[in-house]
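What follows is the residue order along each chain.
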Amino acid sequence: MPHIAQLSPHVADLIAAGEVVERPASVVKELTENAVDAGAHVVTVEIQNGGMTLVRVTDDGCGIAPGELQTAFLRHATSKIRSEYDLEAIGTLGFRGEALAAIASVSRLEVLSRRPEDGLGASLTLEGGVVTGQEEAGCPVGTTMLVRDLFYNTPARLKFMKKDAAEGAACLAAVQRQALAHPEVSFKFLRDGRQELLTPGDGKLRSALYAVLGRDLALGFTAVEGSGEGVKVSGFTSLPTCCRGTRGYQFFFVNGRYIKSKTLTAAVEQAYANQRMVGKFPGCVLHLEVKLNAVDVNVHPTKQEVKFGSERQVFSAVYYAVLSALGADKSRPAAAVGGAVKPQAEDFHQTSLPLHDFTSKGTGGMGHPAPLGQKDRLSAPPTPPSAPAGGEKNRSPVFRPPVLSASPQGTLISQPAADSFPLKGGSLKADGSAEEPAKGSEGAGLKAAVGAAAEEAPEPAVISAEEQEVPWRIVGELFHTYIIVEQGEKALLIDKHAAHERMNFDRMRAVDYVPMSQVLLSPVVFTPAPEEKAVLLENLAELDRVGFEVEDFGGGSLVVRSIPDYLDAAGVDAALTEIAGKLSLTGSTGERERRDEILHTMACKAAIKGGWKNAPEELERVAKAVMAGEVKYCPHGRPVAIELTQTELEKQFKRRS
Ligand code: ADP
Ligand code: MG
């Protein structure tokens, strides 16, 4: 073994730089964070060749004193914290004093800065972290950082860079996050001279959202507002019909800092359980405010992962805030007149979700996880994913619903044109699912993608509470599948199977649900595959809950003695095999998730089907539930009703323009 020696500061810098500066987007992230910390109102980011040859960040912040310019580039030099005690409550984005040193050590850097109180500013140049010159300079108030030839002195890193387009997209994504984190700051992003983003900086998250996602996509989002124990949650979340094939549109911010968190992702996604399509993910822009000492941001060099004092509290706060927002949303997809959209059914896959459900009753959901006393009751809130390392591993998984205050804002009608929306300029895969955007281009190219589809979408309308009261009547039924309802100046088409399936699902999930079971005169014995048998035997109690009495018959067989009354004895093994398949496919572990799996199947089996002839009373019952806003999405996330306005029809018949 060679002898031990301390590394030179230069090598140490390069090692440290590797952690902070992974790619051009890291430079963009660190420099824009510094600009925000400096109190800037306007931040301009320019890149060339994906940021590899140039990243320039200009701000109108507080500037740096000429005498401190060089200090700023020393390792562990910061103006943001002073002592170990400050680490307990970090209120700035930066605090490690590493970024400038790290960036400078792997680039050719030039900085220009002036404070408002100084007549003259200063410029400083560094090469590979070594100062090559400083002089006085006339410049506007604020700071401009020019980072050239990133990784010119670390060829190993240079090798790993992707194409300029991908690195550039990652830079844009970094600015987008910063813009969504700080709506009070106006961000501009230019790639090779072309402006790709401009946020107004008016302090409104909705404005930033519009600028980042584009108007049409932003319209698919509804406001979220809520608070739990020590956590305030606000922002926007996508309507269930506007979920997409990637998690790239989930943005979480804690005290103005963009973070990644499995806990928060799970909290949001569980709020969509049973009304989200398989393979589709909700988008969200959620801001969490917690006490500075309730979150540790010093757990990762890039500060994108944080540790919450209580994962449970933030999980609950986010889960219930999103749940309330979705419950409060009264919109229905509009029918596409004139063939503007693709047939929606292609976009949906009939598979169930292993997640927790919530009621879809539109009460606004204040103060309670669900409108108790209604048919569907939430027996207990769901559980967050397993606590992160060092988290609350040993805590009991018991949840108390936090006291919530929520005030959902006006809601918008979502347009199916945007909801089935094809990413990447409308390319849909053969199976009807949207293609994932290229890796690293999250959010980029998004506007272009929806542009075409959305052009044809009519103006959104706000549905008021009174509108729900307008009398309605059933006009008839189409194709034995869709109930036609007239209400005021609107016509609704209700998918009777989807709606009834949802009604069944909610009914079966109620804590006081008692299944109607029929005892089979001659019990059914069947032999499933060994794994299917095992999974069914593990879930006997859950099966019993929906009306199956199943026992091990020995020799690889099962005997079924009772079945739910709506099931035909001939369909028993098919139903149980389907349930077994779903249970083993999802690997659902929680009791509630397993129950939902079973209920998905049973709700579908118990539902009236498209093509069936139904008695008028049956149709009336389904229509009633839909018109009362009790059911909005089937358990697979398909809408149960679409609407068509008189105006739309009149336009089609050219009665008006
Ligand atoms: P940190 O942000 O963790 O403090 P940095 O290396 O990013 O560390 O920056 C070092 C210091 O340089 C900051 O603490 C701040 O005082 C100063 N600084 C960096 N960028 C700017 C800027 N754009 N405007 C004003 N001051 C800045
Ligand atoms: Mg910094």
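Up top you'll find the structure we're talking about.
Residues numbered from 1 in each chain as written. Chains lettered and ligands numbered in written order. Predicted model: local features only at pLDDT ≥ 70, side-chain atom pairs only at ≥ 80, totals over all residues. Heavy atoms only, no water.

Take the overall build of the chain next. Helix and strand content of the chain: 20 helices and 22 strands. Put simply, the chain has 657 residues, and 53% of those count as buried. Partitioning the contacts of the chain with sequence separation of at least 6, the portion at a separation of at least 24 is 72%. For the chain, the exposed area adds up to about 28,600 Å²; of that, 54% sits on carbon and sulfur atoms. (Helix = DSSP H or I, 4+ residues; strand = E, 2+ residues; numbered from the N terminus. Buried < 20%, exposed > 50% of the residue type's maximum accessible area, 1.4 Å probe, protein only. Contact = heavy atoms within 4.5 Å. Areas by Shrake-Rupley, 256 points an atom, 1.4 Å probe, with all protein chains shown as cover.)

Even without glycine at this site, His76 takes up a positive phi of about 60°. His76 sits in the exposed class, given a relative accessible area of 54%. Despite not being glycine, Phe479 has its phi angle at roughly 55°, a positive value. Tracing the sequence through the fold places Phe479 in the loop between strand E16 (472–478) and strand E17 (482–487).

Formed by 63 residues in total, the largest nonpolar core has its most connected members in Val21, Phe73 and Leu109. When residues in this core are grouped by element, the largest group, 8 residues, is from helix H5 (residues 164–181). Aside from chain neighbours lying at most four places away, what touches Phe73 is Leu100, Ala101, Ala104, Leu109, Val111, Leu124, Leu126 and Met145. Counting 35 residues, the second-largest nonpolar core is a separate cluster that includes Val254, Ile259, Cys284 and Val290. (Core = buried A, V, L, I, M, F, W, Y, C linked by side-chain atoms within 4.5 Å.)

This part covers the layout of surface pockets. Counted as a void, the second largest pocket has a volume near 780 Å³. In terms of lining residues, the second largest pocket is bounded by 38 residues, among which Ile64, Ala72, Ser79, Lys80 and Leu100 are the most central. Of all elements in the fold, only helix H2 (24–37), strand E2 (54–59), helix H3 (99–105) and strand E6 (142–148) reach the threshold of two or more residues within the lining of the second largest pocket. Top element by residues in the lining of the second largest pocket is H2. It accounts for 6 residues. Looking at the lining of the second largest pocket, its residues break down into 17 nonpolar, 10 polar and 11 charged. (1 Å grid on protein atoms, 1.4 Å probe; cavity = no way out; pocket = protein on both sides within 12 Å on 5 of 7 lines; lining within 4 Å. Points joined across faces, edges and corners; volume = space filled by probe spheres on them. Nonpolar A, V, L, I, M, F, W, Y, C, P; charged D, E, K, R; others polar.)

So, about the site of ligand 1. Taken together, the neighbourhood of ligand 1 is formed by 18 residues, with Asn34, Thr78, Ser79, Lys80 and Gly97 sitting nearest. Here an oxygen atom of ligand 1 sits 2.8 Å away from a polar atom, N or O, in the side chain of Asn34. Summarising the interface, the protein chains cover 92% of the accessible area of ligand 1, which totals 520 Å² for the free molecule. Of the residues contributing to the shell around ligand 1, the split by class is 7 nonpolar, 7 polar and 4 charged. (Near = heavy atom within 4 Å. Polar contact = N/O pair within 3.5 Å; in protein donor to acceptor, adjacent residues only side chain to side chain.)

Once that is clear, we can look at the environment of Gly571. Locating Gly571 in the fold gives a position in the loop between strand E21 (557–564) and helix H17 (572–586). Owing to a relative accessible area of 26%, Gly571 belongs among the partly exposed residues under this scheme. The sequence separation of Gly571 and Lys605 amounts to 34 residues, and the corresponding C-alpha distance is 9.8 Å.

It is worth spelling out the pattern of salt bridges at this point. Tallied over the entire structure, the rule returns 27 salt bridges. Here Glu486 ties to Arg473 by a salt bridge, and the two come within 2.9 Å at their closest N and O atoms. One end of the pair, Glu486, is in strand E17; the other, Arg473, is in strand E16, and 13 residues separate them in sequence. For Arg473, a relative accessible area of 48% puts it in the partly exposed group. (Salt bridge = Lys/Arg side-chain N within 4 Å of Asp/Glu carboxyl O.)

Before going further, it helps to spend a moment on the environment of Ala325. Here Ala325 lies in helix H9 (residues 311–328). For Ala325, a relative accessible area of 2% corresponds to the buried category. Residues Ala325 and Thr237 lie 88 residues apart in sequence; the distance between their C-alpha atoms is 7.9 Å. Once residues lying within four places of it in the same chain are set aside, the contact partners of Ala325 are Thr222, Ala223, Val224 and Thr237.

Following both chains from N to C, one finds helix H8 (residues 262–271) and H9 inclined at 30°, their axes separated by 8 Å at the closest point. Considering their axes alone, H8 and H9 lie roughly parallel with respect to each other. As for how H8 packs across H9, the hand of that crossing is right-handed. For the pair H8 and H9, contact is made by Thr263, Leu264, Ala266, Ala267, Val268, Gln270 and Ala271 and by Glu311, Val314, Phe315, Val318, Tyr319, Val322, Leu323 and Leu326, respectively. Its residues placed into classes, the contact of H8 with H9 shows 12 nonpolar, 2 polar and 1 charged. (Axes fitted to C-alpha atoms, helices over the stretch in contact; angles between N-to-C directions. Parallel < 35°, antiparallel > 145°, perpendicular 65-115°, else oblique. Left-handed = near helix turned anticlockwise from the far one by under 90°.)

It is worth spelling out the pairing of strand E18 (residues 490–495) at this point. The pairing of E17 with E18 spans 6 bridges and is antiparallel. By the bridge assignment, Gln487 is partnered in E18 with Lys490. Hairpin connection between E17 and E18: a loop of 2 residues separates the two successive antiparallel strands, and Gly488 in this loop has a positive phi of roughly 55°. Sheet topology note: the E18/strand E22 (residues 641–645) ladder contains 5 bridges and is antiparallel. (Pairing = 2+ DSSP bridges.)

The geometry of an aromatic ring pair is captured by two quantities: the separation of the ring centres and the angle between the planes. Summed over all chains, the structure comprises 4 aromatic pairs. Taking 6.0 Å as the distance between ring centres and 10° as the angle between the ring planes, the aromatic pair formed by Phe315 and Tyr319 counts as stacked. With Phe315 and Tyr319 both in helix H9, this residue pair falls 4 residues apart, about one helical turn. Here the two residues Phe315 and Tyr319 agree in accessibility, since each one is buried. Members of the aromatic cluster, joined through ring pairs, are Phe315, Tyr319 and Tyr320. Above the ring of Tyr152, the side-chain terminus of Arg108 is found at 4.0 Å from the ring centroid. (Phe/Tyr/Trp six-rings, centres within 6.5 Å; stacked < 30°, edge-to-face > 60°. Lys NZ or Arg CZ within 6 Å of the ring centre and 35° of its normal.)

Quick look at helix H19 (residues 616–627) now. In a regular helix each residue adds 1.5 Å, so 12 residues correspond to 16 Å; H19 covers 16 Å between its end C-alpha atoms and thus fits that length. One or two positions beyond H19, positive phi appears at Gly629, with a value near 75°. (Expected span 1.5 Å × (residues − 1).)

A few words now on the sheet that holds E22. Sheet strands pair via backbone hydrogen bonds, and the direction of the pair is either parallel or antiparallel. The antiparallel open sheet is built from 4 strands, whose spatial order is E16-E17-E18-E22. Each edge of the open sheet carries a strand with a single partner, namely E16 and E22. Strand-to-strand, the axes of this sheet are offset by a mean angle of 25°, without reference to chain direction. Taken strand by strand, helix H14 (residues 496–509) contacts E16, E17 and E18, and its axis lies near 70° from that of E18.

Moving on: helix H6 (residues 205–213). H6 sits mainly inside the fold: 7 of its 9 residues count as buried. For H6, every residue scored as buried is listed here: Leu205, Ser207, Ala208, Leu209, Ala211, Val212 and Leu213. With its phi angle positive at about 90°, Gly214 sits one or two positions after the end of H6.

Before going further, it helps to spend a moment on the environment of Val525. Residue placement: Val525 occurs in strand E19 (residues 517–526). The exposure class of Val525 is partly exposed, given its relative accessible area of 42%. Between the C-alpha atoms of Val525 and Asp552, which are 27 residues apart in sequence, the distance is 9.6 Å. With sequence-adjacent residues up to four places away left out, Val525 is seen in contact with Phe553, Ser557, Leu558 and Val559.

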